[in-house]
Amino acid sequence: MVNVAILGYGTIGSGVANVLWTNKEVIDKKTGEDVRLKYVLDLRDFPGDKVESILTHDFNTILEDDSVQVVVETMGGLKPAYDFVKKCLLAGKSVCTSNKALVENSGAELNAIAAEKNANFLFEASVGGGIPIIRPINECITADVILEISGILNGTTNYILTKMGSEGLDFGTVLKEAQDLGYAEKDPTADVEGHDAGRKIAILSSLAAGSQVNFEDVYTEGITKITDRDFEYAKTLSATIKLVATSKLAENGGRCVMVTPRMLPLTHPLAGVNGVMNAIFVKGNMLGEAMFYGAGAGSLPTASAVAGDIVDAVRNLGHNKKAEWKSEPLKLLSVDDVKNRFFVRISGDNEDAARKAFGEGQIVRVTNGEFAYVTGEMTEKAFAEAKETLEGVLGYIRYA
């Protein structure tokens, strides 16, 4: 028999408990063990809930019980999650978590402790919710050099942009609707400014590179400046707009990691990912291209990924699954040196000035009083300098 404890009985924690109870027969068959949920830790009481009989308010009850071999952390945040997870790993218990902030901030350290104690620190649900991506990178594409990871990693922003594009609505209107439907938080900053996606691409970049990529070093732009007019131009260009997190290996061996809105041709593999769905595109030097698609959040999809980690942890009790993740920070390529094409909206009709500033490009018009210019490929630094020489720039989006 293998006993499991869950830290936190919120949306994800209750979902994990539901999976363990509902799919117990399947889980037991796949692990060859009797997997039982012994404790759930939470500050609250849940009278009448099935969890009531196994609820504890004292973390030490779980930590000091040697029969608990797998601990699931679904509290979120860094405090007290970090302390609890570290103590569990030091006690030789494997930990499964959906906590992206914890993984991004302390993943390398916790992974090292797990290795030292012949336990495992597993975090499949921390990036793509129900989408499998951590295990494929760690176990399936390990013989490849990962050249690129690009993804739509935030359902809230994808819902907003999809709605703006399909219905011609402005950002503020769709944000309020997303909040009313529960897709966006009352304070949506982490989502709409790209911070959530930034933490997720930092985790994926760390695994791809084998060294620490800090969220603070990820260049991040949100979607608050995207307008319904931008989508009018996008339709003319047979394109759409998505918030895309990218991690690319440059020719000089450096890695560029950024989160920005991008205007994608409708033929791009990420262009058709709509609503709250997420997708992650991976390119390996041997594999070529692959894409992982599915529900990037939600109680049961995320809980399913956590439960998959529980199965993995039970199968590997007393054996550490090696994951390459050094704590030394990876020096990222300066954003100034990254090359992109740009879609630029400009007031007036001075096309010659745009050509002079940006070089040869494509002129697009959808309304009087302004036009758009799609540049050729140029470095971010060169674009920023050229933009400053031109009057009337209304906004810009990276193109493709």
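Structure: above.
**Student:** An account of the overall build of the protein is requested, with residue identities and associated values reported.
**Tutor:** Secondary structure summary: the protein contains 15 helices and 19 strands in total. Whereas a compact globule of 400 residues would reach a radius of gyration of roughly 21 Å, the protein reaches 23 Å, a difference of no more than 12%. Dimensions of the protein along its principal axes, counting C-alpha atoms only, are 75 × 45 × 35 Å. Burial analysis of the protein (400 residues in total) assigns 53% to the buried set. Sequence-distant contacts in the protein: of pairs separated by 6 or more residues, those separated by 24 or more amount to 71%. Taken as two groups, the 41 positive and 54 negative side-chain charges of the protein have centres that lie 2 Å from each other.

**Student:** Explain the packing of helix H2 (residues 24-31) against helix H13 (residues 299-315) to me, using residue names and the numbers behind them.
**Tutor:** With their axes 9 Å apart at the nearest point, H2 and H13 run at an angle of 35° to one another. Pair H2 / H13 crosses with right-handed handedness. On H13, the residues that touch Ile-27, Lys-30 and Thr-31 of H2 are Val-311, Val-314 and Arg-315. Across the contact of H2 with H13, the residue classes tally to three nonpolar, one polar and two charged.

**Student:** Run through unusual backbone geometry, naming residues and quoting values.
**Tutor:** A cis amide bond links Lys-79 with the next residue in sequence, Pro-80, at an omega value of 5°. Phi at Asn-118 is positive, roughly 55°, even though this residue is not glycine. Tracing the chain through its elements places Asn-118 in the loop between helix H5 (100-116) and strand S6 (121-122). Look at Asn-118 and you get partly exposed, because its relative accessible area is 43%. For Ser-238, which is not glycine, the phi torsion reads 55° and is therefore positive. Tracing the backbone through its elements, the reader meets Ser-238 in the loop between helix H12 (228-236) and strand S10 (239-249). Ser-238 sits in the partly exposed class, given a relative accessible area of 44%.

**Student:** Any chance you could break down the side chain of Thr-375 for me, citing the residues and the numbers?
**Tutor:** Residue position: Thr-375 is located in strand S17 (residues 370-375). Thr-375 sits in the buried class, given a relative accessible area of 1%. Dropping the residues within four chain positions of it, Thr-375 is found in contact with Arg-341, Phe-342, Val-344, Phe-358 and Glu-360.

Definitions and cut-offs
- Residues numbered from 1 in each chain as written.
- Predicted model: local features only at pLDDT ≥ 70, side-chain atom pairs only at ≥ 80, totals over all residues.
- Heavy atoms only, no water.
- Helix = DSSP H or I, 4+ residues; strand = E, 2+ residues; numbered from the N terminus.
- Rg over C-alpha atoms; globule rule 2.2 N^0.38 Å.
- Buried < 20%, exposed > 50% of the residue type's maximum accessible area, 1.4 Å probe, protein only.
- Contact = heavy atoms within 4.5 Å.
- Lys, Arg positive; Asp, Glu negative; His and termini not counted.
- Charge placed at Lys NZ, Arg CZ, Asp CG, Glu CD.
- Axes fitted to C-alpha atoms, helices over the stretch in contact; angles between N-to-C directions.
- Left-handed = near helix turned anticlockwise from the far one by under 90°.
- Nonpolar A, V, L, I, M, F, W, Y, C, P; charged D, E, K, R; others polar.

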